[in-house]
Amino acid sequence: MAFTEADVLAGLAEIVAEETGLPADSVTSEKSFTDDLDIDSLSMMTIVTHAEDKFSVTIPDDEVKNLATVGDAVTFITGAQA
Amino acid sequence: MTIQLKQSTGPQFSRILGIGAERGELVVTNDDIAGPIDSSDEWIRQRTGIITRRRAGAQTSVLDLSEAAARKALDAAGLTGADIDAVIVSTVTYFHQTPSAAAVIADRLGATPAAAYDISAACAGYAYAIGQADALVRSGAARNVLVIGAEKMSDFIDPTDRSISFLLGDGAGAAVVGPSDFPGIGPTVWGSDGSKAQTIRQTHSWSELKENPELGWPTLRQEGQPVFKWASFQMPVIAQQALDAAGVTADQIQVFIPHQANMRIIDQFIKQLKLPETVVVARDIADTGNTSAASIPLAAERLLREGAAKSGDLALQIGFGAGLVYAAQVVVLP
């Protein structure tokens, strides 16, 4: 069963909350990972890895730099589902 | 008539008999190196857990570091050079393609005519060599094997490089492996992934430097994000395999000694392996830096010397790095 964008956003918010300690409801689509959520490149790789496991998708290493906002990641993950 | 060859056989078990360590004599702070990479003490601590790193002075060579560590390991094992019949040096920072560092070290220690050779397995080199030493002892190819992981990483750094240079330190760690009346070295789980060879690399080869001297001295680079992901999420799987192969669980070991690459990778290992808080975790990187092949024995020696670990403790150790290569095993600390 494919995850909807809303499912992916909710799941990603949980992952980000776990990694950063921020409340999950503060992780919204328009937030920038670096500027708003203060996530550095190593934490980003941790989030990417957990997202790959959770949504059964592959996020290539050279794609990660294109995921500037939470919404970018939600769009990529939703589209990457088989 | 068929002639039947003899094949060697050895003792049933092997173990580490003694460990020795030698750090570079200089203490290099984050402030000392932050300028050329437009960084800060806070940024480096937050990203790596490193507060200071140890580096060797201009007059101290990989051979000097190796010899000093080896002498301490021999003392700890209650042996002399004459008792050693194989020397394995793991290094990627020795300046001679040939002869090997191992042959020179063997001679300095009075171990001649011990078999002697170098291996290139970067940050996995010590665990690779412990696996080899275990096999040599138990096959009867050697009675006592001296393993050395030695690096002078500071000879291959670029002060303006933000990818890896600021992590690196210098040192050597050594272990003597010999026969045992109990199992002291679990099965080595090891491997490589050359498809990721470019993720940690020398900027250019010696032949390229010969063709174009303007390239300057080669230094090291890494692609931090892919390497972090590989180390943090694939290497714990290898570490778990080493536990499984040894027949022990995470709550049955006393000590965890991962390659000291980055404190945040160490923290991920603890999470992924679900290590209980009772397990002592080596965090030598904080004031030694990443010393590649030397990092595991440096950390092990320190834990033993400071009393955080004791003789007889079960330790899970894992090395991983440029190649990419990795090796892990459970050992009984000497």
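Structural data are supplied above this passage.
Residues numbered from 1 in each chain as written. Chains lettered and ligands numbered in written order. Predicted model: local features only at pLDDT ≥ 70, side-chain atom pairs only at ≥ 80, totals over all residues. Heavy atoms only, no water.

A short note on the overall build of chain B
Operational definition: Numbering of helices and strands starts at the N terminus; helices are DSSP runs of H or I of at least 4 residues and strands are runs of E of at least 2. We compute the radius of gyration over the C-alpha atoms and compare it with the globule rule, which gives 2.2 Å times the number of residues raised to the power 0.38. Each residue's exposure class comes from its accessible area (1.4 Å probe, protein chains only) as a fraction of the maximum for that residue type: buried when under 20%, exposed when over 50%, partly exposed otherwise. We call two residues contacting when some pair of their heavy atoms lies within 4.5 Å. The Shrake-Rupley method, run with a 1.4 Å probe, gives the accessible areas here. Residue values count only the displayed protein chains as cover. Two residue types count as positive, namely Lys and Arg, and two as negative, namely Asp and Glu; His and chain ends fall outside the count. Each charge is placed at NZ for Lys, CZ for Arg, CG for Asp and CD for Glu.
Scanning chain B from N- to C-terminus turns up 10 helices and 14 strands. The C-alpha radius of gyration of chain B comes to 19 Å, within 12% of the 20 Å expected for a compact globule of 334 residues. Principal axes of the C-alpha set define a box for chain B whose edges measure 70 × 50 × 40 Å. Residue burial in chain B is summarised as follows: out of 334 residues, 58% are buried. Across chain B, contacts joining residues at least 24 apart in sequence account for 78% of those joining residues at least 6 apart. Accessible surface computed for chain B: about 14000 Å², of which carbon and sulfur atoms make up 51%. Averaging the coordinates of the 27 positive side-chain charges in chain B and doing the same for the 35 negative ones gives two points 3 Å apart.

Observations regarding the interface of chain A and chain B
Definition in use: What counts as buried area is the accessible surface, traced by a 1.4 Å probe, that two parts surrender upon association, with contributions from both included. We define a salt bridge as a side-chain nitrogen of Lys or Arg found within 4 Å of a carboxyl oxygen belonging to Asp or Glu. Whenever two N or O atoms come within 3.5 Å, that pair is a polar contact, provided that in protein one can donate a hydrogen and the other can accept it, and provided that, for residues adjacent in sequence, both atoms are side-chain atoms. Under the grouping applied here, Gly and all other residues not named as nonpolar or charged are polar, the nonpolar ones being Ala, Val, Leu, Ile, Met, Phe, Trp, Tyr, Cys and Pro and the charged ones Asp, Glu, Lys and Arg.
At the interface, 15 residues of chain A touch 13 residues of chain B. Counting each side, the surface lost to burial between chain A and chain B is near 1100 Å², with a carbon and sulfur contribution of 53%. Across the chain A-chain B interface, the total number found is three salt bridges. The partner of A:D40 in a salt bridge is B:R264, with the nearest N and O atoms 2.6 Å apart. The interface formed by chain A and chain B includes six residue pairs in polar contact (both at pLDDT 80 or more). At 10 residues, the largest contribution of residues to the side of chain A that touches chain B is made by helix α2 (residues 41-55) of chain A. Here the residues of the side of chain A that touches chain B sort into six nonpolar, five polar and four charged.

Describing the sheet that holds strand β12 (residues 280-281) of chain B
To summarise the sheet geometry, strands pair through backbone hydrogen bonds and adopt either a parallel or an antiparallel arrangement. Residues and elements named next belong to chain B. Applied cut-off: A pair of strands is labelled paired if DSSP reports no fewer than 2 bridges between them. Note on definitions: angles span 0 to 180 degrees between N-to-C directions of axes, and those axes are lines fitted to C-alpha atoms, for helices only across the stretch in contact.
Strand order across the open sheet formed by five strands is β8-β14-β13-β11-β12, with mixed pairing between neighbours. Edge positions in the sheet fall to β8 (189-192) and β12, since each has one partner strand and no second. Two elements, strand β13 (residues 314-321) and strand β14 (residues 325-332), share eight bridges in a ladder whose sense is antiparallel. Paired with F320 across the strands is Y326, a residue of β14. Set on the sheet, helix α5 (residues 125-139) makes contact with β8, β13 and β14; between it and β14 the angle comes to about 60 degrees. On the sheet, helix α10 (residues 295-306) packs against β11 (255-258), β12 and β13 and is oriented at approximately 150 degrees with respect to β11.

Things to note about unusual backbone geometry
The omega angle of the peptide bond from B:T112 to B:P113 is 15 degrees, so this bond is cis rather than trans. If you trace the backbone, B:P113 turns up in the loop between α4 (101-108) and β5 (115-119). Going from B:G323 to B:L324, the amide bond is cis rather than trans, its omega being -10 degrees. Residue placement: B:L324 occurs in the loop between β13 and β14. The phi dihedral of A:D38 falls on the positive side, at around 60 degrees, and the residue is not glycine. Under the relative-accessibility criterion, A:D38 is labelled exposed at 69%. One non-glycine residue with positive phi stands out, namely B:A122, at about 45 degrees. Residue placement: B:A122 occurs in the loop between β5 and α5. Taking relative accessible area as the criterion, B:A122 reaches 7% and is therefore assigned buried.

Some thoughts on the pattern of salt bridges
All names here are of chain B. Tallied over the entire structure, the rule returns 22 salt bridges over all chains. A salt bridge links R23 to E301; the shortest N-O distance between them is 4.0 Å. With R23 in strand β1 (residues 13-23) and E301 in helix α10, the pair connects residues that are 278 residues apart, well separated along the chain. Where salt bridges share partners, they join R23, D284, D287, E301, R302, R305 and E306 into one cluster.

Comments concerning the sheet that holds strand β7 (residues 170-180) of chain B
Residues and elements named next belong to chain B. What the five strands build is an open sheet, ordered β1-β7-β6-β4-β5; its pairing is mixed. This sheet does not close on itself; its edge strands, each paired only once, are β1 and β5. Pairs of neighbouring strands in the sheet enclose a mean axial angle of 15 degrees, with direction left out of account. As defined by bridge partners, strand β4 (residues 86-90) adjoins β5 across five bridges and the pair is classed as parallel. Paired with I88 across the two strands is Y117, which belongs to β5. Of the strands in this sheet, β1, β6 (145-152) and β7 touch helix α3 (residues 62-77), which is tilted by about 135 degrees from β1.

Describing a nonpolar patch on the surface
Here is the rule: Patches here are clusters of residues that have more than 30% relative accessible area and form no salt bridge, with a 9 Å joining cutoff for like charges and a 5 Å cutoff for nonpolar side chains (Val, Leu, Ile, Met, Phe, Trp, Tyr).
A surface patch of nonpolar side chains, amounting to about 340 Å² of accessible area, comprises B:F95, B:W206 and B:W217. Looking at where B:F95 falls in the secondary structure, it is placed in the loop between β4 and α4.

Bear in mind that shape data such as this cannot, by itself, settle questions of function.
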